[in-house]
Amino acid sequence: MNKAQNPKKVVVVGGGFGGITAIQKLRKTGVGCDITLVTKGDVFEYYPALYKLVTGALAIEVSVPYRKIKGLKKVHIEKGVFVSVDPARQVIILEGGRELPYDYLVLALGSETNYFNISGLSDLSLSFKSVKEAFRLKRHFCELFGTAISLSPKDAVSKLHTVIVGGGPSGVELAGDLTHYLRGLAESFNVDPSLVTIDLIEASSRILPTLSEKVSQRADRRLRTLGVNIYTNRSVMGQDINEVTMAGMNFQSNTVIWTAGTRINSAYKSIPGVEFDERNRVIVNETFALSKDNHIFVIGDGAATKYSGLAQTAIHNGKYLGKHLGRIIEGKSNEPYVPSPVSLVIPIGNYWALFIHGRHLFRGLAPWLLRSVVDFKYFFSIVPFWYVLKIIRQGAKYRRSRTYCPTE
């Protein structure tokens, strides 16, 4: 039986940057194969911009239905939660016991929140790692400000106190955007904006601890100018309903936003014989295959490769692996993966950002505009031109309306 009659089955688990890019690249090779995407939801969520959903963007601006994405129209989309894999039978098991066979399996499961077993955080803290979580946080703010008008100034200060835990890029970006959004929200509810407090907590000696000290200093200065209070060398010990406890101090707050910890998806531990590095990432070879199984590949945050953990790296992984799988199916030789250095753009408040490229650092309006260009460029790469125009028009209409607390 020839390949056309019995095409290879490629199963991609995870509909994020790496998984989508791998499918698109494999489709572009023109190789005949049967591709299935396994994903928890119906939409691709643009994680780097999800914080904007809290502070003024529409869902359409940060998420796209999978069926709208280029290259996915002829892909089987299986909605489900990955549980484990049986390499001997070459099947994956989904929640509920469903099984899917594969010839080649791509695991792009990404990361999940790590609360480090700190009391109260998993139940009481808020986040924005998905559209659903971001909307929940937005509703939370609207409810707080809706009740603040009837409170005394002392009680309102406690009620409107926001604590962001984690001084990495996500925490810094959110803190910068919240300074403008929450004060605008206060005015819309006739609440004194001076009652709004935003604190950023970081366990290390400086914010953005994985970047250079110069970058940290610039970000610190910008946030303080915007009115954000920064506390470093502070580890959160626990959270109660209206209080967060740190070593040596307590804060009264109804809003604790956790951005401090992530770990690779725990489902990777279900793979028989898988090996992990010192950061608990999956050890893969030069083509992203497991050392003991060349039919299973791991890309993105979970792969123990240079620069992993960033969207740019996941996209680069996906481009390589899609092409690699196409060549494998055709019986051709392959070249090993070459890591690509990454650049970072970190927006901090309106019309201002940091751009880090190697040892070079730029700040101000130009990097902020660059980030907007990068975001739109990516959307142009995955959806049709008309869809991007629709996003732009609806987003502009929404912002003109100045609706701080719309219904979903």
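Scroll up a little and you will see the structure.
The notes below deal with the structure included here.

Calculation criteria
Residues numbered from 1 in each chain as written. Predicted model: local features only at pLDDT ≥ 70, side-chain atom pairs only at ≥ 80, totals over all residues. Heavy atoms only, no water. Helix = DSSP H or I, 4+ residues; strand = E, 2+ residues; numbered from the N terminus. Rg over C-alpha atoms; globule rule 2.2 N^0.38 Å. Buried < 20%, exposed > 50% of the residue type's maximum accessible area, 1.4 Å probe, protein only. Contact = heavy atoms within 4.5 Å. Areas by Shrake-Rupley, 256 points an atom, 1.4 Å probe, with all protein chains shown as cover. Lys, Arg positive; Asp, Glu negative; His and termini not counted. Charge placed at Lys NZ, Arg CZ, Asp CG, Glu CD. Patch = residues over 30% accessible without salt bridge, like charges linked within 9 Å, V, L, I, M, F, W, Y side chains within 5 Å. Salt bridge = Lys/Arg side-chain N within 4 Å of Asp/Glu carboxyl O. Pairing = 2+ DSSP bridges. Axes fitted to C-alpha atoms, helices over the stretch in contact; angles between N-to-C directions. Left-handed = near helix turned anticlockwise from the far one by under 90°. Nonpolar A, V, L, I, M, F, W, Y, C, P; charged D, E, K, R; others polar.

1. A few points about the overall build of the protein chain
- Each helix and strand counted, the protein chain has eleven helices and 23 strands in total.
- What you see for the protein chain is a C-alpha radius of gyration of 22 Å, in line with the 22 Å of a compact globule of 408 residues.
- The proportion of buried residues among the 408 residues of the protein chain is 48%.
- A sequence separation of at least 24 residues applies to 66% of the contacts in the protein chain between residues at least 6 apart.
- Within the structure as shown, the protein chain displays about 19700 Å² of accessible surface, and the carbon and sulfur contribution to it stands at 52%.
- Positive and negative side-chain charges of the protein chain, numbering 51 and 34 respectively, have mean locations separated by a distance of 8 Å.

2. Quick look at a nonpolar patch on the surface
- Residues Phe376, Phe380, Phe385 and Ile392 make up a contiguous nonpolar surface patch of about 360 Å² in total accessible area.
- Breaking the nonpolar patch down by element, the ones donating at least two residues are helix H10 (365–382) and helix H11 (385–401).
- Mapped onto the elements of the fold, phenylalanine 385 is located in helix H11.
- Phenylalanine 385 sits in the exposed class, given a relative accessible area of 52%.

3. With respect to the sheet that holds strand S1 (residues 8–13)
- Strand order across the open sheet formed by six strands is S5-S2-S1-S9-S20-S19, with mixed pairing between neighbours. The two strands at the open ends of the sheet, each matched to only one other strand, are strand S5 (76–79) and strand S19 (289–290).
- As defined by bridge partners, S1 adjoins strand S9 (residues 104–107) across four bridges and the pair is classed as parallel. Across the sheet, valine 13 pairs through a bridge with leucine 107, a residue of S9.
- Here helix H1 (residues 17–28) sits on the sheet in contact with S1 and strand S2 (33–39), set at roughly 165° to S2.
- Sheet strands touched by helix H9 (residues 311–330): S1, S2, S9 and strand S20 (293–298). Its angle to S9, the strand with the most contacts, is close to 175°.

4. Some words on unusual backbone geometry
- Located in the positive-phi region is asparagine 117, a residue other than glycine, with phi close to 60°.
- Position of asparagine 117 relative to the elements: it lies in the loop between strand S10 (111–113) and helix H4 (121–124).
- Its identity is not glycine, yet asparagine 280 carries a phi of approximately 60°, on the positive side.
- Along the chain, asparagine 280 turns up in the loop between strand S18 (262–264) and S19.

5. Some thoughts on the packing of H1 against H9
- Taken N-terminus to C-terminus, the directions of H1 and H9 make an angle of 30°; their axes are 7 Å apart at the nearest point. Helix-helix and strand crossings are classified by hand; for H1 and H9 the assignment is right-handed. Each of Phe17, Gly18, Thr21, Ala22, Lys25 and Leu26 in H1 lies in contact with H9, whose residues at this interface are Ala311, Ala314, Ile315, Gly318, Lys319, Gly322, Lys323, Leu325 and Gly326.
- Residues belonging to the contact of H1 with H9 are distributed by class as follows: seven nonpolar, five polar and three charged.

6. Thoughts on a positive patch on the surface
- On the surface, Lys25, Lys28, Lys70, Lys319, Lys323 and Lys377 cluster together into a patch of positive charge.
- Secondary structure elements with two or more residues in the positive patch: H1 and H9.
- By the secondary structure assignment, lysine 25 is in helix H1.

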